[in-house]
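Here's the letter readout for the chains.
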Amino acid sequence: MPAWLIWLVLAAALGAIEIMTLAFAAGLMAFAALAAAIVAGAGGGLEAQAIAFALTSFASLAVVVPLARRRGVARAGYRSGTDALLDHPAVVLTEVDAQSGTVRIGGEVWSARAYDETLVLPVGTRVSVFQIVGATALVYPREFS
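The following paragraphs examine the structure supplied in this document.

Basis of the calculations
Residues numbered from 1 in each chain as written. Predicted model: local features only at pLDDT ≥ 70, side-chain atom pairs only at ≥ 80, totals over all residues. Heavy atoms only, no water. Helix = DSSP H or I, 4+ residues; strand = E, 2+ residues; numbered from the N terminus. Rg over C-alpha atoms; globule rule 2.2 N^0.38 Å. Buried < 20%, exposed > 50% of the residue type's maximum accessible area, 1.4 Å probe, protein only. Contact = heavy atoms within 4.5 Å. Core = buried A, V, L, I, M, F, W, Y, C linked by side-chain atoms within 4.5 Å. Expected span 1.5 Å × (residues − 1). Patch = residues over 30% accessible without salt bridge, like charges linked within 9 Å, V, L, I, M, F, W, Y side chains within 5 Å. Areas by Shrake-Rupley, 256 points an atom, 1.4 Å probe, with all protein chains shown as cover. Salt bridge = Lys/Arg side-chain N within 4 Å of Asp/Glu carboxyl O.

1. Some details on the overall build of the protein
For step 1, the next point in the chain: On a plain count of helices and strands, the protein comes out with 3 helices and 5 strands.
For step 2, the next point in the chain: Its C-alpha radius of gyration of 29 Å places the protein more than 25% over the 15 Å reference for a compact globule of 145 residues.
For step 3, the next point in the chain: The 145 residues of the protein split such that 28% are buried.
For step 4, the next point in the chain: The contacts of the protein with a sequence gap of at least 6 include a subset with a gap of at least 24, amounting to 44%.

Pasting the structure below:
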């Protein structure tokens, strides 16, 4: 069996592993195996094939890892659902105390309670969302008087 065919079979196997696991490492190795298959097809010896495989592996990691890190940092700040409402500004619509009240958060009306149970927040007070419990926002005043 020719060496280039062995490298192609290895590349196909690594590609299949990549599709099943989505770990991305197997895909980079499959790409490197294709490079080694090209070297083998061009008549390169076993050492040249191994060097092509190693260099392509390291080069692809050198390109992909910084891109993945940059993408991961950008995602770290993303919040969705009720987490996106935390520290969001709101306005009191009906008096908010430890038991009840309503606030407007980004155009939506939410039931609310004061985070500090001793506070009573009058209508029009600007508040921030501290926590969401069920469908109730726990809020605190943006400026203490």
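2. Some remarks on the nonpolar core
For step 1, the next point in the chain: By size, the foremost hydrophobic cluster in this structure holds 15 residues, and its most contacted members are Val96, Val103, Ile105, Val127 and Val139.
For step 2, the next point in the chain: Counting only elements with at least two residues in this core, the list comes to β1 (89–94), β2 (102–105), β3 (108–114), β4 (126–133) and β5 (136–141).
For step 3, the next point in the chain: Leaving out residues up to four positions away in the same chain, Val103 has contacts with Ala90, Val91, Val92, Leu93, Val96, Glu108, Val109, Trp110, Ala112 and Val127.
For step 4, the next point in the chain: By size, the runner-up hydrophobic cluster in this structure holds 8 residues, among which are Trp7, Ala11, Ala37 and Phe53.

3. Notes on the environment of Ala13
For step 1, the next point in the chain: When you line up the elements, Ala13 lands in helix α1 (residues 3–21).
For step 2, the next point in the chain: The class of Ala13 is partly exposed, set by a relative accessible area of 37%.
For step 3, the next point in the chain: Residues Ala13 and Ala30, spaced 17 residues apart in sequence, show a C-alpha to C-alpha distance of 7.9 Å.

4. As for helix α2 (residues 25–41)
The periodicity of an α-helix, 3.6 residues per turn, causes residues three or four places apart in sequence to face the same way.
For step 1, the next point in the chain: Between its terminal C-alpha atoms α2 stretches 24 Å, which fits the 24 Å expected from 17 residues at 1.5 Å a residue.
For step 2, the next point in the chain: Residues of α2 that are buried include every one of Ala26, Leu28, Ala30, Ala32, Ala33, Ala35, Ala36, Ala37 and Ala40, and no others.
For step 3, the next point in the chain: Positive phi shows up at Gly43, right after α2, with a value of about 100°.

5. Notes on a nonpolar patch on the surface
For step 1, the next point in the chain: Judged by side-chain polarity, Met1, Trp4, Leu5, Ile6, Leu8, Val9 and Leu34 come together as a nonpolar surface patch covering roughly 660 Å² of accessible area.
For step 2, the next point in the chain: In terms of residue count, the dominant contributor to the nonpolar patch is α1 (5 residues).
For step 3, the next point in the chain: By the secondary structure assignment, Trp4 is in helix α1.

6. Thoughts on the side chain of Thr56
For step 1, the next point in the chain: Tracing the backbone shows Thr56 in helix α3 (residues 46–76).
For step 2, the next point in the chain: Look past the residues within four positions of Thr56 in its chain and what remains in contact with it is Phe31, Ala32 and Ala35.

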